[in-house]
Amino acid sequence: MITHFDSSFAGHIDMDNVGYRGTPVNDRWFSNEELVTVFAKAEAIARTLDRLGYDRFWMAEHHFQPEGYECIPNLLLYAVHLAHVTERMKIGCGFNITPMWHPLRLAEDYAVADILTGGRVIFGVGRGYHTREVETFGAPLLDQPANRDLFEEQVEIIFKAFNNESFSHHGKHYTIPAQVPYRGYDLKELTVVPRPLRLPVECWQPVQGGTARALDFMAKHGIRGLIGGGSAEGGAMHKVVLGWQEAHARRGQHLEMGERLCFGFHFYLAKNREQGIREAAKYYEENMKMFGELRLVRALSDEQIEIMRDPKRAATAKLPRIEDAIANGGVLCGSPEQVVEHLKALERRYPGLDRVSVSLSVGVPKEVCLEQLEWFASEVMPAFKQVKVAEPAMAN
């Protein structure tokens, strides 16, 4: 039964001329003054979510994006700030891109955030999908097997650091501690200071392809999975859920369908589906332009990706449309009643599912984001749980 509603925000600033007919992705370039508006936008969203009764606000770690799409480079630092300007909502790291970190620095930084916020920051790890980011930080991404090997070793180290008063590690990429003399003795083990106060650490990871190796690794470490988030096709979700259940069964754990998972959706509310499609289509298309180039939409061909770089060709070409995404279940669009109906059907199919995350596509301006989140809270969420929506603050 769905009892928790989250929202995610990848870190996009407000931008004009979006959609297939709009400015090509690689032609966007914003000044630093424009890029830093992402922090005021994220704070406004966080304050709104906190007031409306959402459970968690997930943000994404990304780097080097003057195009304005994903502009928050340090989730833990910003999560500490947001925890101090909100009252109850938790702040989720969706996700710390582990190959761009030293695992012990990531473990320490999370522990500090856990302590300073009283446990209101949720840990998350990911492998990354921007070559410009990951490879620039000296980690592999083009070599996917090498990326996964590094990631898995790093996560092993992080959990050792969280769960042990002292530990050692001898792997392919890391020898911890360094084999050096220290204060008159040979260093054999290391203690991370501080460690999180709240153990075991709740950890989440995105599920994209859903390979057996990836799902087995998550099950081994008790990592929970987020499926979707706007870049995954809705039709692929059921296969992943089955694989998730099988991975846990291999460890002797029986899960209900959807248990220990969060389903993520882009959404857009309107009086009816037709109006929603008219208003949201350009934002869906901008999202496709951004994620398609990164090969996160498996159905896109190389030719379609090339066409999306040219607004004149893209305007009339056969490209993914929001209508298809709605039909496949990857986008929630229409009246509140239609969205409730879709989510109730998910409840019936996945009885173990208790958490859903909703977000707005890249390009949706701040004021529209806030209006949509308020509407969702007032007319969708109450169908699943009792939510007290505070009145907007009166202007002085």
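Everything in this summary refers to the structure shown in the same document. The model shown is predicted, which means the values in this text are computed figures rather than measured ones.

**Notes on the overall build of the protein chain**
Piece 1. Helix and strand counts for the protein chain come out as 14 helices and 14 strands.
Piece 2. On C-alpha atoms alone, the protein chain measures out to a radius of gyration of 21 Å, which is about the 21 Å that the 2.2 N^0.38 rule sets for 396 residues.
Piece 3. Within the protein chain, the proportion of its 396 residues that are buried is 55%.
Piece 4. Contacts in the protein chain between residues far apart in sequence, at least 24 positions, make up 74% of those at least 6 positions apart.

**Topic: the pairing of strand β2 (residues 56–59)**
Both faces of the sheet carry side chains from a regular strand, because those side chains alternate between them.
Piece 1. Going residue by residue along β2, you find Arg56 and Trp58 tucked away on one face and Phe57 and Met59 tucked away on the opposite face as well.
Piece 2. Where strand β1 (residues 4–9) and β2 come together, four bridges link them in parallel fashion. From the neighbouring strand, phenylalanine 9 faces β2, where its bridge partner is methionine 59.
Piece 3. Where β2 lies against strand β3 (residues 90–93), four bridges are found, and the strand directions are parallel. Across the sheet, residue methionine 59 finds its bridge partner in β3, namely cysteine 93.
Piece 4. Taken together, β2, helix α3 (residues 75–83) and β3 form a β-α-β motif whose crossover is right-handed.

**Side note on the side chain of aspartate 50**
Piece 1. Note that aspartate 50 resides in helix α2 (residues 37–52).
Piece 2. Looking at aspartate 50, the relative accessible area reads 10%, which means it is buried.
Piece 3. A polar contact of 3.1 Å, which involves the side chain of aspartate 50, links it to the backbone nitrogen of arginine 88.
Piece 4. Here aspartate 50 is in contact with Thr86, Glu87, Arg88 and Met89, once residues within four sequence places are set aside.

**Some details on the pairing of strand β12 (residues 261–269)**
Piece 1. Across the nine residues of β12, nine count as buried, placing the element largely inside the fold.
Piece 2. Going residue by residue along β12, you find Leu261, Phe263, Phe265, Phe267 and Leu269 tucked away on one face and Cys262, Gly264, His266 and Tyr268 tucked away on the opposite face as well.
Piece 3. Pairing between strand β11 (residues 224–228) and β12: four bridges, direction parallel. What sits directly across from isoleucine 227, in β12, is phenylalanine 263.

**Let's talk about the packing of helix α4 (residues 103–116) against helix α6 (residues 144–163)**
Piece 1. Following both chains from N to C, one finds α4 and α6 inclined at 40°, their axes separated by 9 Å at the closest point. When the axis of α4 is compared with that of α6, the two are oblique. Seen from above, α4 lies across α6 with right-handed handedness. Taken together, the residues of α6 that come into contact with α4 (itself represented by Pro103, Leu104, Leu106, Ala107 and Tyr110) are Gln154, Ile157, Ile158, Ala161 and Phe162.
Piece 2. A class-by-class count of the residues in the contact of α4 with α6 yields nine nonpolar, one polar and no charged.

**Points about the side chain of glutamate 61**
Piece 1. Tracing the backbone shows glutamate 61 in the loop between β2 and α3.
Piece 2. A polar contact of 2.8 Å, which involves the side chain of glutamate 61, links it to the side chain of histidine 63.
Piece 3. For glutamate 61, the side chain forms a polar contact with the side chain of tryptophan 101, separated by 3.1 Å.
Piece 4. Each residue touching glutamate 61, except ones within four places of it in the same chain, is listed here: Ile72, Pro73, Leu75, Phe95, Asn96, Ile97, Met100, Trp101 and Glu133.

Procedures and definitions
Numbers given for residues are sequential positions, taken from 1 along each chain in its written order. The model is predicted, so local features are restricted to residues of pLDDT at least 70 and side-chain atom pairs to those at 80 or more, both for listing and for counting; the totals for chains, interfaces and linings are taken over all residues. Hydrogens and water molecules were not included; the side-chain quantities draw on all heavy atoms of the structure. Only DSSP runs of H or I with at least four residues qualify as helices, and only runs of E with at least two residues qualify as strands; both kinds are numbered from the N terminus onward. Just to be clear, the radius of gyration here is over C-alpha atoms, and the globule rule we use is 2.2 Å times residues to the power 0.38. Burial status follows relative accessibility: with a 1.4 Å probe on protein chains alone, a residue under 20% of its type maximum counts as buried, one over 50% as exposed, and anything between as partly exposed. By the convention used here, residues are in contact when the closest approach between their heavy atoms is within 4.5 Å. At least two DSSP bridges between two strands are required for those strands to pair. A crossover gets the label right-handed when its path from the first strand over the helix to the second runs clockwise, viewed with the strands pointing away from the viewer. We define a polar contact as two N or O atoms separated by no more than 3.5 Å, with the added condition that, inside protein, one atom must be a possible hydrogen donor and the other a possible acceptor, whereas residues neighbouring each other in sequence contribute only through side-chain atom pairs. Comment: axis = line fitted to C-alpha atoms, over the contacting stretch for helices; angle = value between 0 and 180 degrees taken between N-to-C directions. Roughly parallel means an angle under 35 degrees; roughly antiparallel, over 145; roughly perpendicular, 65 to 115; everything else is oblique. Crossings are sorted by hand: turned counterclockwise from the far helix by less than a right angle, the near helix makes the crossing left-handed, and turned clockwise it makes it right-handed. Charged means Asp, Glu, Lys or Arg here, nonpolar means Ala, Val, Leu, Ile, Met, Phe, Trp, Tyr, Cys or Pro, and polar covers whatever is left, Gly included.

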